[in-house]
Amino acid sequence: MQRGVELRDGADVALFGVGGVDMTNVAFVKINGSLKAGHAAHRECSADQNAQAPREVSVRRIRYVVATSVDGYIAGPKGEADWIIRDSEIDFRALFDEFDTVLLGRRTYEITQSPGAPPWPAGMSVYVFSRTLRQRDHPEATIVAEKLEDTLAALRARSGKDIWLFGGSSLFQSLLGAGLVDTLEVTVSPVLLGGGIPLLPPPAKQTKLELIGHRVYKTGIVSLRYAVQGRSATKARGRRTSA
Ligand SMILES: NC(=O)c1ccc[n+]([C@@H]2O[C@H](COP(=O)([O-])OP(=O)(O)OC[C@H]3O[C@@H](n4cnc5c(N)ncnc54)[C@H](OP(=O)(O)O)[C@@H]3O)[C@@H](O)[C@H]2O)c1
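Bear in mind that the values here come from a model prediction, so they are computed numbers and not experimental data.

1. What about the sheet that holds strand S12 (residues 209–216)?
(1) Moving on: Strand order across the open sheet formed by 8 strands is S8-S7-S6-S9-S4-S10-S13-S12, with mixed pairing between neighbours. Every interior strand has two partners, whereas the edge strands, strand S8 (142–144) and S12, have only one. Strand-to-strand twist in this sheet, taken as the mean axis angle between neighbours without regard to direction, amounts to 25 degrees.
(2) Moving on: Relative to strand S13 (residues 222–228), S12 is paired through 7 bridges, and the arrangement is antiparallel. Within the sheet, the bridge partner assigned to Leu209 lies in S13 and is Val228.
(3) Moving on: Of the strands in this sheet, strand S4 (62–69), strand S6 (99–105), strand S7 (125–129), S8 and strand S9 (162–167) touch helix H4 (residues 148–157), which is tilted by about 140 degrees from S8.

2. Re the nonpolar core
(1) Moving on: With 38 residues, the main nonpolar core has Leu103, Trp164, Leu165, Leu175 and Val181 as its most contacted residues.
(2) Moving on: Within the residue set of this core, elements represented by two or more residues are S4, strand S5 (73–75), S6, S7, S9, helix H5 (169–177), strand S10 (183–189) and S13.
(3) Moving on: By residue number, the principal contributor to this core is S4, which donates 5 residues.
(4) Moving on: If we skip the residues at most four places from it in the chain, Leu165 touches Ile62, Arg63, Tyr64, Leu103, Leu171, Phe172, Leu175 and Val181.

3. Considering H5
(1) Moving on: When H5 is considered as a whole, its buried residues turn out to be Ser169, Leu171, Phe172, Leu175 and Leu176. Considered in projection along H5, the buried side chains sweep an arc of 160 degrees and stay on one side of the axis.
(2) Moving on: Buried residues along H5 sit against S4, S5, S6, S7, S9 and strand S11 (197–198).
(3) Moving on: Directly after H5, the chain includes Gly179, whose backbone phi takes a positive value near 70 degrees.

4. Considering the site of the ligand
(1) Moving on: Surrounding the ligand, one finds 30 residues, the nearest of these being Gly105, Thr108, Gly167, Gly168 and Ser170.
(2) Moving on: Those elements that provide at least two residues to the shell around the ligand are helix H1 (3–13), S4, S5, helix H3 (106–112), S9 and H5.
(3) Moving on: Per-class residue counts for the shell around the ligand are 16 nonpolar, 11 polar and 3 charged.

5. Quick look at unusual backbone geometry
(1) Moving on: Cis geometry is found at the peptide bond from Gly167 to Gly168, where omega equals 0 degrees.
(2) Moving on: For Gly168, the location among the structural elements is in the loop between S9 and H5.
(3) Moving on: A cis amide bond, omega -5 degrees, links Pro202 with the succeeding residue Pro203.
(4) Moving on: Following the sequence through the fold, Pro203 ends up in the loop between S11 and S12.
(5) Moving on: For Lys147, which is not glycine, the phi dihedral falls at a positive 50 degrees.
(6) Moving on: With respect to the helices and strands, the residue Lys147 is situated in the loop between S8 and H4.
(7) Moving on: For Lys147, a count of 10 C-beta atoms within 10 Å corresponds to the exposed category.

6. Focus: the environment of Pro201
(1) Moving on: Within the secondary structure, Pro201 is located in the loop between S11 and S12.
(2) Moving on: Residue Pro201 is classed as exposed on the basis of its 12 C-beta neighbours within 10 Å.
(3) Moving on: Residues Pro201 and Ser169 lie 32 residues apart in sequence; the distance between their C-alpha atoms is 6.6 Å.
(4) Moving on: Those residues in contact with Pro201 that lie beyond four places of it in its chain are Ser169, Ser170 and Gln173.

Parameters and conventions
Numbering of residues starts from 1 in each chain and follows the order in which that chain's sequence is written. Local features in this predicted model are restricted to residues of pLDDT 70 or higher, and side-chain atom pairs are both shown and tallied only at a pLDDT of 80 or more, whereas totals for entire chains, interfaces and linings draw on every residue. Following DSSP output, two strands are said to pair if at least two bridges run between them. Put simply, DSSP H or I for four residues or longer makes a helix, DSSP E for two residues or longer makes a strand, and each gets a number counted from the N terminus. Here an angle of 0 to 180 degrees is reported between the N-to-C directions of two axes, which are lines fitted to C-alpha atoms, with helices fitted over the stretch in contact. Once C-beta atoms are placed from the backbone, any two residues with those atoms within 7 Å are in contact. Nonpolar cores are identified as sets of buried Ala, Val, Leu, Ile, Met, Phe, Trp, Tyr and Cys residues joined via C-beta atoms within 7 Å. To sort residues by exposure, count the other C-beta atoms lying within 10 Å of each residue's C-beta; 20 or more gives buried, 12 or fewer gives exposed, and values between give partly exposed, all with C-beta atoms placed from the backbone. Directions from the helix axis toward the C-beta atoms define the arc. Whether a residue is near a molecule or strand depends on its C-beta atom, placed from the backbone, lying within 6 Å of it. Basically, the charged four are Asp, Glu, Lys and Arg, the nonpolar ten are Ala, Val, Leu, Ile, Met, Phe, Trp, Tyr, Cys and Pro, and anything else, Gly included, counts as polar.

On their own, these measurements won't tell you what the molecule is for.
Right under this line is the structure:
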């Protein structure tokens, strides 16, 4: 199997504020849907704190959906993904349907460009973070070199489905450090790799998570879904689910 195909399959198995909104004053008023459905509704606080007339603002979540080993690696020492179990219980089509935008670090993007790698579903917007790639060489994607926060704030403010932080670790570290990750959804395969690319490379500060869902598959895969604590878009979205 081609490497790119392996990567995409791996992610599959992983189940796998914004203009005008003062995020420091955001209060949660209701959730539009379950984790699967996708969006949060926030109370918008105007400059004069007119709490009597809140306006709901839909914010798309950034979700890191990723496959890991039990010892916390997302790829083996040589970038291997052959340890990721392809589990027929997992509805990949439904998973992809929850997103219309993917965010990729340059290294992960290059793997998805390997010969034989499957294309993204129609309509999927692809954003690649890189300070070395040139936009004109990659017309199929939007290359983001700087102003990461501004780019993601604008993306989140648009209407649409959730945003899939596809990986890898380096990009996750950047976005987590910037407070831009709403959920961490790991699908743990029953294997120890003993080395490789860690889920979260150092340096990174301690981040508390809230378990919002889990499922155990017959293959031994365990999916764990966490809200990143302190992230306004997910704080109230605490519906626990289990198989
Ligand atoms: N298990 C899974 O579900 C899964 C999912 C995805 C990926 N993976 C694996 O993860 C590995 C790749 O992960 P990785 O951590 O090595 O690399 P990565 O995150 O895919 O890419 C790193 C690159 O992204 C760019 N980047 C990162 N943060 C940035 C920022 N804040 N602004 C601008 N550009 C930024 C830089 O590109 P430039 O050097 O061009 O500036 C950096 O070198 C692969 O082996 C892949 O197979 C596994």
